[in-house]
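Read off the chains here:
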Amino acid sequence: MASTAVSIEDVSKRFRLYHEKYTSLKERVIHAGRVPYEDLWALKNVGFEVSEGETVGILGRNGSGKSTLLKCVCGILQPTSGRVVVQGKLAGLLELGAGFQPELSGRENIYMNGSMLGISKRDVDRMFDSIVEFAELGQFIDNQVKFYSSGMYVRLGFAVAVNVDPDVLVIDEVLAVGDERFQQKCLERIKQFQREGRTILFVSHSADLVRSICDRAVVLAQGAMIGMGTPGEAVRIFREQLMAAGDVLNLPEVPMSSTPTDGEGTIDEAQATAGMLRIEDGRPVRLREVAIVRADGDDRPYVVPGESVTVHAQFDAARPVEGAVFQLEVRSNEDSLIFSTDTEVMGLRSDLVAGAGSIDFVLESIPLADGTYKVCVGVATPKGMSDWREPACQFEVMNPARTRGTVSMPVRATIAEAP
Amino acid sequence: MALEAPAQKPDAGTARAAFGATPNSVANRPKTTRVVSADVTVLDRLREIWRSRELLIYLVRTEIKVKYKNSFLGLVWSMVSPAMTLAVYTVVFGTFLKNGIPNFVIFLFSGLLLWNFFQTGVLTATGVIVNNAGLVKKVSFPREILALAAIGSAAVFLFFQAIVMVLFMLVLQSPPAWALLWLVLVALVPTFVFACGLGILLASVNVYMRDTQHLVTVLVGAAWFWACPIVYSYQQDVSPRLADHHSTLHTLFAVIYFANPMTPLVMTFQRVLYARMGQVPLTVPVPPGTPPVRAQLLPSWPVTTYVWADAAVFVGSVILFYVAMIVFGRLAGNFAEEL
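Residues numbered from 1 in each chain as written. Chains lettered and ligands numbered in written order. Predicted model: local features only at pLDDT ≥ 70, side-chain atom pairs only at ≥ 80, totals over all residues.

(A) Main features of the overall build of chain A. Per the secondary structure count, chain A includes 9 helices and 18 strands. Per-residue burial over chain A gives 42% buried out of 419 residues. Taking as baseline every contact in chain A between residues at least 6 positions apart, the subset at least 24 positions apart corresponds to 75%. (Helix = DSSP H or I, 4+ residues; strand = E, 2+ residues; numbered from the N terminus. Buried ≥ 20, exposed ≤ 12 C-beta atoms within 10 Å, placed from the backbone. Contact = placed C-beta atoms within 7 Å.)

(B) Molecular detail of the confidence of the model for chain B. For chain B, mean pLDDT is 82; residues scoring 70 or higher make up 89% of the total. Overall, residues 1-24 of chain B carries pLDDT values under 50, and its contacts beyond four positions in sequence, including any with other chains, amount to 40 contacts. (pLDDT = per-residue confidence, 0-100.)

(C) Representation of the sheet that holds strand S7 (residues 199-203) of chain A. Residue and element names in this part refer to chain A. Strand order across the open sheet formed by 6 strands is S5-S6-S7-S3-S8-S9, with mixed pairing between neighbours. With one partner strand each, in any of the chains shown, strand S5 (90-93) and strand S9 (224-229) form the two edges of the open sheet. Here the average twist between neighbouring strands, direction ignored, is 15°. Across 5 bridges, strand S3 (residues 55-60) lies against strand S8 (residues 216-221) in parallel orientation. Along S8, the bridge assignment pairs Gly57 with Ala217. (Pairing = 2+ DSSP bridges. Axes fitted to C-alpha atoms, helices over the stretch in contact; angles between N-to-C directions.)

(D) Looking closely at helix H8 (residues 182-208) of chain B. Between its first and last C-alpha atoms H8 of chain B spans 41 Å; for 27 residues at 1.5 Å apiece the expected length is 39 Å, and the two agree. Across the 27 residues of H8 of chain B, 22 count as buried, placing the element largely inside the fold. (Expected span 1.5 Å × (residues − 1).)

(E) Spotlight on the packing of H8 of chain B against helix H12 (residues 262-273) of chain B. All names here are of chain B. Running from N to C, H8 and H12 cross one another at 160°; their axes reach a closest spacing of 9 Å. One way to sum up the angle between H8 and H12 is to call them roughly antiparallel. In the packing of H8 onto H12, the handedness of the crossing is left-handed. Residues Leu183, Val184, Val186, Ala187, Pro190 and Thr191 of H8 touch H12, and the partners they reach there are Leu265, Thr268, Phe269, Arg271 and Val272. Classifying every residue of the contact of H8 with H12 by side-chain character gives 8 nonpolar, 2 polar and 1 charged. (Parallel < 35°, antiparallel > 145°, perpendicular 65-115°, else oblique. Left-handed = near helix turned anticlockwise from the far one by under 90°. Nonpolar A, V, L, I, M, F, W, Y, C, P; charged D, E, K, R; others polar.)

(F) Structural context of the domain arrangement of chain A. Residue and element names in this part refer to chain A. Each assigned domain of chain A is listed with its residue range as follows: domain 1 (4-244) and domain 2 (257-397). Facing the 6 residues of domain 1 at the interface are 6 residues of domain 2. Secondary structure elements with two or more residues in the side of domain 1 that touches domain 2: helix H7 (207-213) and helix H8 (231-244). In terms of residues, the side of domain 1 that touches domain 2 owes the most to one element, H8, which gives 4 residues. Of the residues contributing to the side of domain 1 that touches domain 2, the split by class is 2 nonpolar, 1 polar and 3 charged. (Domains from an automatic or database assignment.)

(G) The arrangement of the nonpolar core in detail. Within the largest apolar cluster, 186 residues are counted, with the highest numbers of intra-cluster contacts made by Val73, Val170, Leu201 and Val219 of chain A. Here this core gets 16 residues from one element, more than from any other, and that element is H8 of chain B. Two domains share this core, each providing at least three of its residues, namely domain 1 (4-244) and domain 2 (257-397) of chain A. Leaving out residues up to four positions away in the same chain, Leu201 of chain A has contacts with Val6, Val50, Val56, Leu70, Val73, Val168 and Val170 of chain A. (Core = buried A, V, L, I, M, F, W, Y, C linked by C-beta atoms within 7 Å.)

(H) Local environment of the packing of H12 of chain B against helix H13 (residues 303-332) of chain B. Residues and elements named next belong to chain B. H13 packs onto H12 with a crossing angle of 145° between their chain directions and a minimal axis gap of 9 Å. Regarding H12 and H13, the two cross each other, and that crossing is left-handed. Residues Pro264, Leu265, Thr268 and Arg271 of H12 form the contact with H13, whose participating residues are Tyr306, Ala309, Asp310 and Val313. Taken together, the residues of the contact of H12 with H13 sort by class into 5 nonpolar, 1 polar and 2 charged.

(I) Molecular detail of the sheet that holds strand S4 (residues 81-87) of chain A. The 4 strands lie next to each other as S2(A)-S1(A)-S4(A)-S1(B), forming an open sheet whose pairing is antiparallel. The sheet is open, and its two borders are formed by strand S2 (37-51) of chain A together with strand S1 (33-37) of chain B, each paired with just one other strand. Each adjacent strand pair in this sheet contributes to an overall mean axis angle of 20°, direction not counted. Together, strand S1 (4-18), S2 and S4 of chain A together with S1 of chain B form the strand contacts of helix H2 (residues 66-74) of chain A, whose direction differs from that of S1 of chain A by roughly 120°.

(J) Summary view of the pairing of S3 of chain A. Residues and elements named next belong to chain A. Summarising burial for S3: 6 of the 6 residues are buried, a large majority. Taking every second residue as pointing to the same face, both faces of S3 are buried, with Thr55, Gly57 and Leu59 on one and Val56, Ile58 and Gly60 on the other. Where S3 meets S7, 4 bridges bridge the pair, whose relative direction is parallel. The residue bridging Ile58 from the neighbouring strand is Val203, located in S7.

(K) Quick peek at the confidence of the model for chain A. Residue and element names in this part refer to chain A. The predicted model of chain A averages 79 in pLDDT, with 84% of residues at 70 or higher. Averaged pLDDT values for the elements of chain A fall to 44 in helix H9 (residues 269-273) and rise to 89 in strand S16 (residues 355-363). Across residues 247-255 the pLDDT falls below 50, and counting only partners more than four positions away or on other chains, this stretch makes 11 contacts in the model. In this model, residues 260-277 is a region of pLDDT below 50 whose contacts with residues beyond four sequence positions or in other chains number 22 contacts.

Shown next, in the form of C-alpha cells:
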C-alpha cells in the first residue's frame, strides 16, 4: 500500500464578500462595525486523500471551489479550518508564468522560479538544459521575459514546473493554452510522471482528459464534495449534477442529431476533384436528419456500455436508385476509426424509389467504455458516393463500472481453490 | 443530491507504481512534509523561511537589478542619492545654520548610514506585499520572504554607502576608533532585527489598511528621523536640557527619548565612526585672540554602556520580531483574497 502524498483533511474555506471594500483608515472608522459582508463558503468540509503515484482529477462547474482547493493545497490560501498535508516537493501550475519577473531574462527567471519551488541553484543548474529544451526557447533564453510571446511564456512556465523533479504536481486548467503540439508534449510528460510514480492533482473542464489520464476523480459542487470514484463514475456524477442544477450542458459541437442546413451534405469538394472520391453527378440520394435514438427513450445525454443505440437517418431520393448502399462509421474523439460497416457488407440490398425514406442502424450493444464518439453516415449508388456526413452526430458513453480502458468487455472471474 | 463517496481505497495508482516502477521512480526517496493550515507555529514558519533562503537571495538580487535596469549609472545611483542628502545638510548646517561641529560630514554620515538602511528597509517592506500582489496571489512561498528581501536589499545599499563613507573618511582624514570597530556590528545586528520585525509587521497590516504606507512614510521619514540625534549632537543639544532640571517632566522626556530604539544604535555608530571624544574645538568664529569655543559632542560613556543599550534594543527587537511573525502568520492566510 503506497503512502499518502496529499491529505486534505476536512478543509473549509470562507471568503468574506464585502459589498463595498473599505481599506483606508478613514473608511474603516466611518464604517466601523457595520461593514456589510456576506460569508461565502468556497469549500465546505472537503476531505480526501491522494496516494503516492496516483493521478486525481477534480471536476466541477465554475465557482464550485476547484481552484480554491488547489490554492489551499499549494499553500497560496490558508484554509479557514482543516488542514492540508503534503508529503514531498510540490510544484503548482495554477497559472502559467505566474511569478515571472518581466524585467529579468528567461535564464534568470528559471532560477528565480526554481527557487520559489524550493530548488537549489545547483539543482537548477543540472536541469537547466532540459528546461530550455522542453520550452523550445533556444537563443531567446537570454531575452527579457517581457518581450516573450504568450506561447513562450506558457512553455517556459510548464517547462520549469515539470522539470524541477516534483513529487506532487498540481495543474489547474493550464493545458488549454499553447498549441496542439505542445499540449501533446505536456500530456506525454504527465504520462511519464505517472510512470515514475509521481502524484498529480489535476483540474480540468475536459471530461475526456480527466477520463484519459486520471486514476480517480473528485466532483465538487458549491464547495462540497459530492462524489468521488473512477473517472467515468465521477464524470457521470458531474453530468447528472449539471442536469439537476438545470444548467446548460457544455454541449458538444455536434449534437445528438443534425440536419443539413441547406440540403447540402459535407462531401469534400477538393477531395472529389482530386479523384479520390467518386461522386455521382446530381447526387440522387441526399441525407436529411441523422439522429441517435436510444431504446429506452430516456433523455439523459449519455449512453452506458451495453446499451442498444439506433442511428436513425432520413433521406430523400430524387429518382429511383437501384443498389443503394448506406454506410455507417463510428470514430473516436481523436478521429480514429472504431467501427465501420455498410448495408452491402451486411448483405442488405436496397432499391430506392423516388421520395423520402429512412434507415435505422441498430447497434445492439455498445461495447465502448468512457468517451465521446462520432457517428458518420453516408449513402452511395453503384455510380459513386451520393452523400456523406462527417460527423453526422455524436454520443457520449459513460461507464458506471469501475473498469478502465477504451472498450467494455463482459468479464467474469472464477477462482478455483486447491482441494 | 449528495452522493456518498465510496470509502474504497484507490488501488489504481498504487498498482501502477508497484508494477511499473521505473529505475527513476520517486516513490522511495525521502520527502519533506508541509502542512497548510490556519495555525502554523512561528517555529514552522521560520523553518519554511530558512528553506527558502535561496529565494531570498534571488529576490534581493532582482530588486537591485530591476531598480537600476536600463539606467546608465546603475548602482552608482545608490551612492549618489545619500551623497546628495549629505551635501545639502552639510551646506545648510555648515554654512547657514552653523552648528560648528568639526568635520560635520563625517558626524552626519555616521548616523545617516544606519538610519538610511533602517528607513529604506522599513519603507520598502511596508508596501512589499501589496506591490507584489501578482506573486502573492499565484505562487506559494513564505510571504515573510518578501519583507525580508526588502530589508536585505536595503542592507546591500548600506554596503555601497559604507564604501562612500570610507572614501569620505580617507579624504577628510578622519579615522574611526579602530579599537572599537566591532561595536559597529553590535549596533548593526539589533538594527537589522528591528527593521525585519517592523517591516514584517507593517507589511501585513498594510494589506488590510492601505493607510499604513502613507502613515509610515510620514512618521518614519519625518518625525522619527528628527527624534534621533543624527543631524544634531545628543551630548551638545539634548543632554544639557535633560540634565539641567531634575523635574519629572524632564525625566519623562529622557525616558521617551531613549525609548526610541534607534537612538542608542545611531549613537553607537557615531561613537565608532566619528570618534571625537572629550571637548572638541568648534568651528564657530570667535573674536581674535580668544581660544576657540569647545564643546563635547559625544557622551563620555564607557563602551559597556553602548553594549548594554544595544543589547537591550536587541532583546526588544527579538520580541517585536516574534510578535510580528505571529501577526503576519494570522494575516497572511487571507493575503491572496484581500489583494
